[in-house]
Amino acid sequence: MDKLPPEDKGGAEIVCLNLAREYQKQGNEVGVITTTRKKESQGNSLDRGVKVHRIYSNYHNRWQPYVSLYNPWVVARVRKILAKEKPDIVHAHVVHKHLSYYSLKIVKEMDIPLVITLHDCLSICYKKFTCFYDIKDLDNSPNINYKVKSLKCWWCQKLRYFPLRNLFVRRFLNTYPDKVITVSQELKKLVEANGIKVSDTIHNGVDADNFKIDDQEIENFKKLFSLSGKKIVLCAGRLNETKGCNQLLAAMRRVGQNLTDVVLLLLAKKDEYSESLVKRAAESGVKIILTGWLNGKDLIAAYHAADLVVTPSICFDTFGMVNIEAMASEKPAITSCFGGGKEIVIDNQSGYIVNPFDVNIFTKRLKALLTDADKAKEMGECGRKIVQEKFLLEYSAQKYLNLFKELTS
């Protein structure tokens, strides 16, 4: 795994670490190889009994198309760690920036069974994948073409475009892993459309019990951020244009014309983009509270404080852990039709599937849940039930463990 918390708190990174802990919990000895951008952080450590090997790797992003294939500063260390630890199996996750795809070849050269889980579209596009749909098609199931076009890539990536990169990635993934797993069926469609063979899909999961919290802690959170008495729309994650921020602001502006007590709660890093978003929102009359990154009880309290949760991405959003976390907190979710969110949220049952470009429908769905508390409660309860039936961490971990047993027996 390229990165791990606390250095990075992305969805794939948290999923990887949670799986490692669950494997350990079920009686397996687990070690994780990752990288760090800080020289002082390199070396070995323990995370709740899981051995973590951190390798220093830091380079300018302009070299990613090349270094993602072979990182000379890292592969020798990967080989050395594997030779020392002698694992029965390797479960690879995100390797396309620092660990590099060449690390997969090392595993197979050492005759170790290898499973890789793809969490995103970076195996076929090393930017946010936004060129697979027509923005004028406002349907909830828009016409989609997942095949990557070289001319579009060149126009998008300019001098960073390396035309042979996807060919090499495809060869690595089709040659060295024993099994290639995707975290959503939609991601499976995407990578298969670009020549990568996929064995199966295993959805991510959460520990639903972790999303329980006392009412007093929720009230304390509301007081801390001046949210008492407000209708709260929650949006979480790394903010940028491809996350549908402009579409969300447009819909919230319309919602605010009829509902004056609505607040957009952003659980996101305080940076130049998020600060500019807050400024733009204020100018258009949308009330925003920017909390910065939250974790632990603060994160859980934020979900429970909200009336609904939105993930309005206009890029390919592979899975959407925010949707599962919202549903585990008994909150309705409004998610984008672009990506794997529609495999989690059941339209009109646990929330809504929307095309974020259709601001009229997006606004209508927001209003429906903000003005009908009974409907929102019913959808939230449905979502919690779906998580308990399909999206628990122990379920996904057991599926992987069964696969590991098959490959090592």
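These numbers were taken from a predicted model, which means no experiment stands behind them.

A look at the sheet that holds strand β2 (residues 43–47)
- Strands sit in the order β1-β3-β2 across an open sheet of 3 strands; the sheet is mixed. What marks the edges here is a single partner per strand, and that holds for β1 (31–36) and β2. Across the sheet, the axes of successive neighbouring strands diverge by a mean angle of 30°, strand direction being ignored.
- Note that β2 and strand β3 (residues 50–56) share 5 bridges and pair antiparallel. Note that in β3 the partner of L46 across the bridge is K51.
- Its contacts with the sheet put helix α1 (residues 11–25) on β1, β2 and β3, and the angle it makes with β3 is roughly 145°.
- Contacting β1 and β3, helix α3 (residues 75–85) runs over the sheet at an angle of about 155° to β3.

A few points about the packing of helix α8 (residues 215–224) against helix α11 (residues 296–305)
- For the pair α8 and α11, interaxial distance at closest approach is 9 Å and the crossing angle is 85°. In this view, α8 runs roughly perpendicular relative to α11, as classed from their interaxial angle. Every residue of α11 that contacts α8 at E217, I218, F221 and K222 is listed here: K297, D298, A301, A302, H304 and A305.
- A per-class count over the contact of α8 with α11 returns 5 nonpolar, 1 polar and 4 charged.

Brief notes about the nonpolar core
- Residues F129, F221, L234 and V387 are the most contacted members of the largest nonpolar core, which totals 111 residues.
- Residues contacting L234, with those up to four places away along its chain left out, are L265, L267, A302, Y303, A306, L308, V309 and V310.
- Core analysis: the next-biggest nonpolar cluster, separate from the first, contains 33 residues, L249, A250, L259 and Y352 among them.

Quick notes on the environment of F211
- Within the element layout of this structure, F211 appears in the loop between β7 (200–201) and α8.
- Those residues within four positions of F211 in sequence are excluded, and the remaining contacts are V206, I300, Y303, H304, E325, A328, S329 and R384.

Side note on the sheet that holds β7
- Ordered in space as β4-β5-β6-β7, the 4 strands form an open sheet in which the pairing is parallel. With one partner strand each, in any of the chains shown, β4 (90–92) and β7 form the two edges of the open sheet.
- The sheet contact formed by strand β5 (residues 114–118) and strand β6 (residues 179–182) spans 4 bridges and is parallel. Bridge pairing links L118 to T182 in β6.
- Along the sheet, helix α7 (residues 185–193) contacts β5, β6 and β7; its crossing angle with β6, the most-contacted strand, is approximately 125°.

Examining α11
- By the criterion of burial, α11 is predominantly enclosed, with 7 of the 10 residues buried.
- Along α11, the positions that sit buried rather than exposed are L299, I300, A301, A302, Y303, H304 and A305.
- Buried residues along α11 sit in contact with α8, β8 (231–236), β9 (262–267), β11 (308–311) and α12 (321–328).

Structural notes on the packing of aromatic side chains
- According to the stated counting rule, one finds 19 aromatic pairs in the structure shown.
- Relative to F338, the ring of F132 lies with its centre 5.9 Å away and its plane at 85°, an arrangement referred to as edge-to-face. Taken together, the positions of F132 in the loop between β5 and α5 (150–157) and F338 in the loop between β12 (333–336) and β13 (351–354) put the pair 206 residues apart, joining distant regions of the chain. Of the two residues examined, F132 and F338, each falls in the buried class.
- Relative to F338, the ring of Y133 lies with its centre 4.3 Å away and its plane at 15°, an arrangement referred to as stacked. Of this pair, Y133 sits in the loop between β5 and α5 while F338 sits in the loop between β12 and β13, and the two are 205 residues apart along the sequence. One exposure class covers both Y133 and F338, and it is buried.

About the thresholds
Residues numbered from 1 in each chain as written. Predicted model: local features only at pLDDT ≥ 70, side-chain atom pairs only at ≥ 80, totals over all residues. Heavy atoms only, no water. Pairing = 2+ DSSP bridges. Helix = DSSP H or I, 4+ residues; strand = E, 2+ residues; numbered from the N terminus. Axes fitted to C-alpha atoms, helices over the stretch in contact; angles between N-to-C directions. Contact = heavy atoms within 4.5 Å. Parallel < 35°, antiparallel > 145°, perpendicular 65-115°, else oblique. Nonpolar A, V, L, I, M, F, W, Y, C, P; charged D, E, K, R; others polar. Core = buried A, V, L, I, M, F, W, Y, C linked by side-chain atoms within 4.5 Å. Buried < 20%, exposed > 50% of the residue type's maximum accessible area, 1.4 Å probe, protein only. Phe/Tyr/Trp six-rings, centres within 6.5 Å; stacked < 30°, edge-to-face > 60°.

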